[in-house]
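Okay, here's what each chain looks like letter by letter:
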Amino acid sequence: MRSFIVDNSLNGEHVVKACTVNFPSLTKADLYKALKHKDIRIDGKKVSADLKVLAGQEVQVWLPDSLFEGAQQKRDYSRDYSVVAQTDGMLIVNKRQGLPVHSGKTTGDNLIDIVRQSAGFKNAELVHRIDMNTGGILMIAKNKDYLEDAVKLFKEEKVTKRYRCLVVGKIPADLGEAVVAQDEKLMSEVSAYLEKTRSGEVYIHDKKQEGDLPITTRYRVLGYHDGFSEIECELVTGRTHQIRAQFAHLGYPILGDGNYGRNQVNLCFEAKDGGRIKHQQLWSTSLLFGKISEDNKHRELSGRKFSIEPRYEVEL
């Protein structure tokens with residue numbers, strides 16, 4: 001058995017998260033199993049649900065010592081993510097496809113918990129999100145104070161997010177209005193309206209309907225290949241599944257996307273290993289920072305750009 005006293009930084013958090021912060025070698029699967037068997041106690045009372053804890057409470061975890069000792073050192077996290085850059089208050093990381101960035105409907109591994117366990121920043125917080133099946137670059141603040149100033153960067157439009165992807169078909173370079181981007185690249189800007197239903201489904205409309213949100217994406221063609229095109233996209237607005245839904249609406253779905261595209265079409269393309277394409281061919285590849293004010297904790301990122309190369313499953 002191991003125990004800890006909940007500190008102020010974890011006040012109001014769920015007991016599973018508090019346990020993973022205090023015992024990095026424990027997995028969420030270990031802890032949910034412990035809850036099922038009432039092997040976790042809060043102030044001496046056995047609990048079977050992922051309850052919230054308060055500062056000053058004692059949490060006891062009745063699991064074998066072997067689960068607390070050495071598991072973290074044995075696991076290689078390099079497959080899940082790599083650090084692209086690090087400052088006093090920020091990690092910029094490159095995550096693999098198929099890994100969710102946070103816990104949700106799944107109780108399995110997720111990026112933010114893995115970073116908290118492996119990088120030693122137990123209070124790290126996601127600054128923004130990308131889809132589970134989108135790989136690539138994103139920002140993680142080392143604690144809530146740094147998170148506040150990181151969120152300000154987005155509100156003040158100091159961060160430009162770019163993606164690279166493969167779309168089915170030969171997409172024209174000029175579907176929208178020609179614009180010059182922040183780094184003087186010439187891009188085509190396409191706009192529409194996005195409907196998100198209560199169940200989470202996304203639809204794109206050319207004309208605004210009640211409840212729709214405006215969306216704008218910029219893109220440029222990087223190359224044409226046998227049956228598909230490679231493009232670079234820039235999010236002007238950042239809505240749910242924006243790139244995937246908008247380019248499918250335009251007639252050029254992301255290769256490998258079975259939701260907005262067609263699986264019958266995806267099956268026509270072969271992966272490098274000779275098998276089927278497993279993920280949508282969409283990667284978050286660049287973060288560009290504008291001029292950041294001196295009073296922002298992330299001012300050292302001012303004017304900088306960070307990029308990674310996409311790991312497509314098909315040959316270009």
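Residues numbered from 1 in each chain as written. Predicted model: local features only at pLDDT ≥ 70, side-chain atom pairs only at ≥ 80, totals over all residues. Heavy atoms only, no water.

A. Representation of the overall build of the protein chain within the structure. Across its full length, the protein chain carries eight helices and 16 strands. Over its C-alpha atoms the protein chain spans a radius of gyration of 22 Å, differing by no more than 12% from the 20 Å that the globule rule assigns to 316 residues. Seen through its principal axes, the protein chain has C-alpha atoms that stretch 65 × 50 × 40 Å. Of all 316 residues assigned to the protein chain, the portion counted as buried reaches 48%. A fraction of 63% describes how many contacts in the protein chain between residues 6 or more apart in sequence connect residues 24 or more apart. Looking at the protein chain as shown, the accessible area adds up to about 16200 Å², and 45% of this sits on carbon and sulfur atoms. Computed over 47 positive and 44 negative side-chain charges, the inter-centroid distance for the protein chain is 4 Å. (Helix = DSSP H or I, 4+ residues; strand = E, 2+ residues; numbered from the N terminus. Rg over C-alpha atoms; globule rule 2.2 N^0.38 Å. Buried < 20%, exposed > 50% of the residue type's maximum accessible area, 1.4 Å probe, protein only. Contact = heavy atoms within 4.5 Å. Areas by Shrake-Rupley, 256 points an atom, 1.4 Å probe, with all protein chains shown as cover. Lys, Arg positive; Asp, Glu negative; His and termini not counted. Charge placed at Lys NZ, Arg CZ, Asp CG, Glu CD.)

B. Quick look at the pattern of salt bridges. Enumeration according to the criterion identifies 23 salt bridges in this entry. Of the charged contacts, one joins Glu125 and Lys17 as a salt bridge, the two residues approaching to 3.8 Å between their closest N and O atoms. You can see Glu125 sitting in strand 7 (residues 125-126) and its partner Lys17 sitting in helix 1 (residues 15-22), a full 108 residues away along the chain. In this structure, the salt-bridge partner of Asp149 is Lys152, at a minimum N-O distance of 3.6 Å. Of this pair, Asp149 and Lys152 are both found in helix 6 (residues 144-155), three residues apart, which corresponds to roughly one turn of the helix. A relative accessible area of 5% places Asp149 in the buried class. You can call Lys152 partly exposed: its relative accessible area is 35%. (Salt bridge = Lys/Arg side-chain N within 4 Å of Asp/Glu carboxyl O.)

C. Spatial organisation of the nonpolar core. In terms of nonpolar packing, the biggest core is built from 29 residues, with Leu111, Ile140, Ile231 and Ile243 touching the most fellow members. When residues of this core are traced back to their parent elements, those giving at least two are strand 6 (90-95), helix 5 (111-118), strand 8 (135-141), strand 9 (159-168), strand 14 (228-235) and helix 7 (242-249). Among the elements that line this core, the one with the most residues is helix 5, at four residues. Setting aside residues no more than four positions away along its own chain, Ile140 makes contact with Gly89, Met90, Leu91, Val93, Leu111, Ile112, Val115, Ala124, Glu125, Leu126 and Val127. Core analysis: the second largest hydrophobic core is formed by 26 residues, Ala150, Phe228, Phe306 and Val314 among them. (Core = buried A, V, L, I, M, F, W, Y, C linked by side-chain atoms within 4.5 Å.)

D. Quick peek at the sheet that holds strand 2 (residues 40-42). Read from one edge to the other, the open sheet built from four strands follows the order 1-4-2-3, with strand pairing classed as antiparallel. With one partner strand each, in any of the chains shown, strand 1 (2-5) and strand 3 (45-47) form the two edges of the open sheet. Shown here is a sheet whose adjacent strand axes are inclined to one another by a mean of 25 degrees, direction ignored. Examined bridge by bridge, strand 1 and strand 4 (residues 58-61) share four bridges and lie antiparallel to one another. Counted as the bridge partner of Ser3 is Gln60 from strand 4. (Pairing = 2+ DSSP bridges. Axes fitted to C-alpha atoms, helices over the stretch in contact; angles between N-to-C directions.)

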